[in-house]
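Coordinate analysis (summary)
The lines below spell out each chain.
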Amino acid sequence: MAYVVFAENQLRARDRLLALQFEEEIGASANWLEDTLGCRIQLNESALSEDEVVSVELYQPGWVTRVGLPLAASRSDIRRRAEAALHSRRAR
């Protein structure tokens with residue numbers, strides 16, 4: 001199981017519960033990884049669409065991948081989108 005390090009979570013200042021939900025679902029999405037996974041969750045106040053207000057950056061040495069999510073994303077959507085990003089990164 002991966003250990004996820006949240007280097008930044010800008011949601012904490014806005015909504016602590018929402019921040020924890022994002023962290024829990026991202027952590028669960030990486031449960032198949034064996035290494036440490038870094039994560040930054042940032043608010044994109046200048047997003048052109050409500051669908052990408054939250055930027056999730058997932059990284060390990062040598063690679064980084066990003067996922068845009070709505071602020072009101074469901075827990076299952078957060079997990080599904082993070083899993084998809086991690087699996088697509090692994091396929092490279």
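Residues numbered from 1 in each chain as written. Predicted model: local features only at pLDDT ≥ 70, side-chain atom pairs only at ≥ 80, totals over all residues. Heavy atoms only, no water.

**Things to note about the pattern of salt bridges**
- If you walk through the whole model with that rule in mind, you get eight salt bridges.
- A salt bridge links glutamate 57 to arginine 40; the nearest nitrogen and oxygen atoms lie 3.1 Å apart. Highlighted residues: glutamate 57 in strand β3 (residues 54-60) and arginine 40 in strand β2 (residues 37-43), separated in sequence by 17 residues.
- Note on glutamate 57: relative accessible area 12%, which makes it buried.
- Across the pair aspartate 77 and arginine 81 runs a salt bridge, and its minimum N-O distance is 3.9 Å. With aspartate 77 and arginine 81 both in helix α3 (residues 75-90) and four residues apart, this pair spans about one turn of that helix.
- Note on arginine 81: relative accessible area 28%, which makes it partly exposed.
- Three or more residues are tied together by salt bridges with common partners; here these are Glu24, Glu25, Arg75 and Arg79. (Salt bridge = Lys/Arg side-chain N within 4 Å of Asp/Glu carboxyl O. Helix = DSSP H or I, 4+ residues; strand = E, 2+ residues; numbered from the N terminus. Buried < 20%, exposed > 50% of the residue type's maximum accessible area, 1.4 Å probe, protein only.)

**What to know about the nonpolar core**
- Among the nonpolar cores identified, the biggest contains 26 residues, and Phe22, Ile26, Ile41 and Val56 are the most heavily contacted of them.
- Among the secondary structure elements, those contributing two or more residues to this core are β1 (4-9), α2 (16-29), β2, β3, β4 (63-69) and α3.
- Among all residues touching isoleucine 41, those that are not within four sequence positions of it are Phe6, Glu8, Asn9, Gln10, Leu11, Phe22, Glu23, Ile26, Val54, Ser55 and Val56. (Core = buried A, V, L, I, M, F, W, Y, C linked by side-chain atoms within 4.5 Å. Contact = heavy atoms within 4.5 Å.)

**Section: α2**
- In a regular helix each residue adds 1.5 Å, so 14 residues correspond to 20 Å; α2 covers 20 Å between its end C-alpha atoms and thus fits that length.
- Of all the residues in α2, the buried ones are Leu18, Ala19, Phe22, Glu23, Glu25, Ile26, Ala28 and Ser29.
- Of the residues that open α2, the one with a side-chain oxygen 3.2 Å from the backbone nitrogen of leucine 17 is aspartate 15. (Expected span 1.5 Å × (residues − 1). Polar contact = N/O pair within 3.5 Å; in protein donor to acceptor, adjacent residues only side chain to side chain.)

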